Structure formats: structure tokens, C-alpha cells
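Working through the structure, step by step
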Amino acid sequence: MLSTMFFIIFLPFGLEHFGWMRWPLLAGIGVIVTFSCVTSEIVMRYVFHMPQAPERGMRYMVRRNIFFGLLNMFLVVPLLAFYLSRFVNNDIVDNHISWSLIVKLLLIFSGVSLMMSLYWKNVYWKRLYAKELAEAWRINGMLEERQRTMSAPPAACDGQDEQTVTFSGSTKESVTLRPSEFLFAVSEGNYVHIHYMRDGDVASAMIRTRMKEMEESCEDTPLMRCHRAYIINPQHIVRVVSRSSGFMLKLKHTETMVPVSRTYTTSIRERLENPSC
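Residues numbered from 1 in each chain as written. Predicted model: local features only at pLDDT ≥ 70, side-chain atom pairs only at ≥ 80, totals over all residues. Heavy atoms only, no water.

Description of the nonpolar core
Operational definition: Buried residues of nine kinds, namely Ala, Val, Leu, Ile, Met, Phe, Trp, Tyr and Cys, make up a nonpolar core once their side-chain atoms join them within 4.5 Å. Three labels apply to residues, based on accessible area from a 1.4 Å probe with only protein chains included: buried if under 20% of the type maximum, exposed if over 50%, partly exposed otherwise in between.
With 31 residues, the main nonpolar core has Ile 29, Val 33, Val 76, Leu 80, Val 88, Leu 105 and Phe 109 as its most contacted residues. Core analysis: the second largest hydrophobic core is formed by 21 residues, Met 224, Ala 229, Ile 237 and Leu 272 among them.

Structure representation (C-alpha cells):
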């Protein structure tokens with residue numbers, strides 16, 4: 001549609017010199033462009049399938065748009081070059097197949113493909129966001145049902161038998177606590193800011209360490225990475241919020257909304273569906 005509108009408005013390749021015949025010629029161009037776009041779309045539907053995992057959606061959209069644009073140009077440029085050479089020629093207009101004609105067509109359809117890519121990116125982004133929103137509603141319903149039916153936390157996670165974990169920094173500071181007391185940790189430069197429960201109140205501590213070392217200390221515990229800058233305790237998640245940038249997590253005892261990067265969306269969803277201590 002955009003390509004046909006471009007030809008109708010700007011009448012390139014000397015179409016303005018053909019009088020009333022320009023309209024049948026433009027109709028032929030429209031048929032070629034439509035055929036190329038429909039063929040490319042059919043091929044893309046067989047080659048690329050919209051992923052179920054939301055975190056793979058953006059990569060899917062980028063790859064699909066690139067391949068669609070390349071395939072569409074591969075079809076439409078030679079077909080239009082032949083059409084212009086065969087039918088859009090007279091004593092004034094010379095559209096015989098040449099490198100200059102090919103370059104002009106490539107420039108035109110490169111620009112059109114870019115605009116189409118931006119349009120389809122917006123379309124698929126809306127679809128992806130709608131899917132994430134539906135997923136957030138489903139998870140929140142599951143969390144609410146679990147909170148209603150769970151009268152008390154699992155004994156293994158609330159008793160004195162729970163093993164403690166110690167987070168140490170490169171200096172002398174360290175924090176020792178039970179995993180059930182841990183809320184979340186956030187990277188702040190060369191430090192990690194740990195938020196946790198202590199005697200019924202929210203406490204925090206700063207230790208000089210990296211998130212990678214922090215994550216290694218969380219092995220064999222329910223604590224898990226949800227973002228390059230965050231580690232959380234999924235047992236404290238009470239709500240999932242879907243935003244254009246991805247999921248955000250609402251935790252007990254804090255007003256901080258913790259982001260979930262698309263890399264960790266699947267692992268967070270699986271943990272929420274199959275909680276363990």
C-alpha cells in the first residue's frame with residue numbers, strides 16, 4: 001500500500017508523461033507490489049512463528065521484519081524492473097533495465113520497507129504486550145488463590161531448621177540471614193544493597209561485592225536472579241504488574257517495584273507456578 005501510494009503521488013520513472021495511461025500502469029505496479037507483499041507474508045508465516053515466551057518476542061519481531069524486507073525487495077525489484085522496461089517506455093521516457101534503474105528501485109523500496117518494519121514492529125509489540133498483560137492477570141489470580149488457601153507458610157521455610165546464608169563483601173562487612181528473611185538485593189555501583197526482614201521490621205545493608213558473586217551465594221536457596229541488577233525471594237511476591245518494558249514485581253513489606261528482564265521471565269513464571277522452599 002505504501003509503495004503504491006508513493007508511485008501515485010510522486011509518479012517516478014516518467015509516469016507523468018503517459019497521460020491517462022498512467023492509471024493502468026499504476027494499477028499494474030500495484031498488482032506487482034501486492035503480489036510481492038502477500039507472497040513474502042505467506043513465507044514469513046511458515047518460517048517464523050510468534051514465540052510463546054514473551055522474552056523472545058522482540059528478537060522475533062526484529063528478525064521477522066528484516067527477512068520480510070529482504071524477501072520483499074528480492075521479489076519486487078526484478079519484477080518492477082522488467083515491468084518498467086517492458087511497459088513504461090516511450091520516446092521521452094527510457095526505463096530499460098540498467099543499474100541506475102535497479103538502484104532507484106532499491107532506494108525506494110528500502111525506504112518503504114523501513115516504514116513497514118516500524119509499522120509491523122508496533123503491531124507485534126502491541127500483541128506481545130497484550131499477551132504479557134494476560135499472563136500477568138493469570139499469575140496474579142494464581143497468587144491470590146494461593147494466599148487465600150495458605151493459612152501459614154511451609155514449616156521448612158519458617159522454622160529454626162532453615163539453613164542460613166551469609167553474603168560477604170570484599171571488605172569485612174557481611175550479612176547472615178535465613179532465605180525466608182531475604183526480600184531483594186539491588187546492585188548499586190560496586191556495592192549490593194540487601195533488603196531483608198529482621199524481628200518483624202525491614203532492614204538493609206550494603207556490602208561491597210558483585211551481583212555474580214551474590215548469585216553464587218544464593219545457590220541451594222529459593223533466591224533467584226530476575227534482572228541484571230536484582231535478586232529476589234519469589235516467596236515474597238504478591239503481585240505481578242505488566243508494563244511496556246516487561247514485568248514488575250510487588251513484594252511483601254516493601255513499596256519497591258522490582259523489574260524482571262525478559263531474559264528471566266520464563267524462570268520467574270516457572271517458579272511462581274511451582275513454588276518451592
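After presenting the structure, the write-up continues.
Some thoughts on the sheet that holds strand β3 (residues 182–188)
Strand pairing in a sheet takes place through backbone hydrogen bonds and is either antiparallel or parallel in direction. As a reminder of what qualifies: The criterion for strand pairing is that DSSP finds at least two bridges linking the strands in question. Comment: elements are numbered from the N terminus, with helices defined as DSSP H or I runs of at least four residues and strands as E runs of at least two. To get an axis, a line is fitted to the C-alpha atoms, and for a helix only the part in contact is used. The angle between two axes follows their N-to-C directions and goes from 0 to 180 degrees. Contacts are assigned to residue pairs that have any heavy atoms within 4.5 Å of one another.
Taken together, the five strands give an open sheet; going across it, the order is β5-β4-β3-β7-β6, and neighbouring strands pair in antiparallel fashion. In this open sheet, the two strands that pair with only one neighbour each are β5 (201–208) and β6 (224–227). Within the sheet, the average angular offset between the axes of one strand and its neighbour, ignoring direction, is 25 degrees. Note: β6 against strand β7 (residues 230–232), three bridges, orientation antiparallel. Along β7, the bridge assignment pairs His 227 with Tyr 230. Taken strand by strand, helix α7 (residues 265–273) contacts β6 and β7, and its axis lies near 130 degrees from that of β6.

Topic: a nonpolar patch on the surface
Put simply, the test is: Every patch collects residues that have over 30% relative accessible area and no salt bridge, joining them within 9 Å if they carry like charges and within 5 Å if they are nonpolar side chains (Val, Leu, Ile, Met, Phe, Trp, Tyr). Each accessible area is a Shrake-Rupley result for a 1.4 Å probe, and residues are judged covered by the shown protein chains and nothing else. In the sections that follow, a salt bridge refers to a side-chain nitrogen of Lys or Arg positioned within 4 Å of a carboxyl oxygen of Asp or Glu.
Taken together, the side chains of Val 38, Ile 42, Val 43, Tyr 46 and Val 47 make up a nonpolar region of the molecular surface, amounting to roughly 490 Å² of accessible area. When you line up the elements, Val 47 lands in helix α2 (residues 22–47).

Observations concerning the packing of helix α4 (residues 99–149) against α7
This is how the line gets drawn: Each angle receives one of four descriptions, namely roughly parallel if under 35 degrees, roughly antiparallel if over 145, roughly perpendicular if within 65 to 115, and oblique otherwise. Helix crossings get a hand from a simple test, with the near helix turned counterclockwise from the far one by less than a right angle marking a left-handed crossing and a clockwise turn marking a right-handed one. Residue polarity follows a fixed list, in which Ala, Val, Leu, Ile, Met, Phe, Trp, Tyr, Cys and Pro are nonpolar, Asp, Glu, Lys and Arg are charged, and the others, Gly among them, are polar.
Running from N to C, α4 and α7 point in directions that differ by 30 degrees, and their axes come no closer than 10 Å. Classified by the angle between their axes, α4 and α7 sit roughly parallel to one another. Both α4 and α7 take part in a crossing whose hand is left-handed. Of the residues in α7, those in contact with Glu 135, Arg 138, Ile 139, Met 142, Leu 143 and Arg 146 of α4 are Arg 269, Leu 272 and Glu 273. Grouping the constituent residues of the contact of α4 with α7 by class yields four nonpolar, no polar and five charged.

Concerning the environment of Ser 85
Looking at the secondary structure, you find Ser 85 in helix α3 (residues 57–87). Spatially, the C-alpha atoms of Ser 85 and Leu 101 are 9.3 Å apart, while their sequence positions differ by 16 residues.

Notes on the side chain of Asn 140
Tracing the backbone through its elements, the reader meets Asn 140 in helix α4. Given the relative accessible area of 6%, Asn 140 is considered buried. Contact partners of Asn 140, with chain neighbours within four places excluded, come to Arg 239 and Val 240.

Structural notes on the packing of aromatic side chains
Spelled out, the test is: Pairs were defined over the aromatic rings of Phe, Tyr and Trp, the Trp ring being its six-membered one, requiring ring centres within 6.5 Å. Orientation was assigned from the angle between planes: stacked under 30 degrees, edge-to-face over 60, tilted for the rest. Remark: a charge is flagged as sitting over a ring if the NZ atom of Lys or the CZ atom of Arg is within 6 Å of the ring centre and within 35 degrees of the ring normal.
Under the definition given, this model contains three aromatic pairs. Taking the ring centre of Phe 87 as reference, the NZ or CZ of Arg 86 above it sits at 5.2 Å.

Quick notes on the pattern of salt bridges
The full count for this structure, using the stated rule, is ten salt bridges. Glu 41 is paired through a salt bridge with Arg 64; the nearest N and O atoms lie 2.6 Å apart. Placement of Glu 41 in helix α2 and of Arg 64 in helix α3 is noted, with a sequence separation of 23 residues between them. Exposure remark for Glu 41: the relative accessible area of 15% places this residue in the buried category. Among the charged side chains, a network of salt bridges with common partners joins Glu 135, Arg 138, Arg 269 and Glu 273.

Let's talk about unusual backbone geometry
At Asp 220, a residue that is not glycine, the phi angle is positive and equals roughly 65 degrees. Accessibility expressed as a relative area gives 84% for Asp 220, which makes it exposed. A positive phi angle, close to 70 degrees, is found at His 253, a residue other than glycine. Structurally, His 253 is set in the loop between β9 (246–251) and β10 (257–260). Residue His 253 is classed as partly exposed on the basis of its relative accessible area of 48%.

Things to note about the sheet that holds β10
Taken together, the three strands give an open sheet; going across it, the order is β8-β9-β10, and neighbouring strands pair in antiparallel fashion. Each edge of the open sheet carries a strand with a single partner, namely β8 (237–243) and β10. Recorded for the sheet is a direction-independent mean angle of 30 degrees between the axes of neighbouring strands. As paired elements, β9 and β10 share four bridges and run antiparallel to each other.

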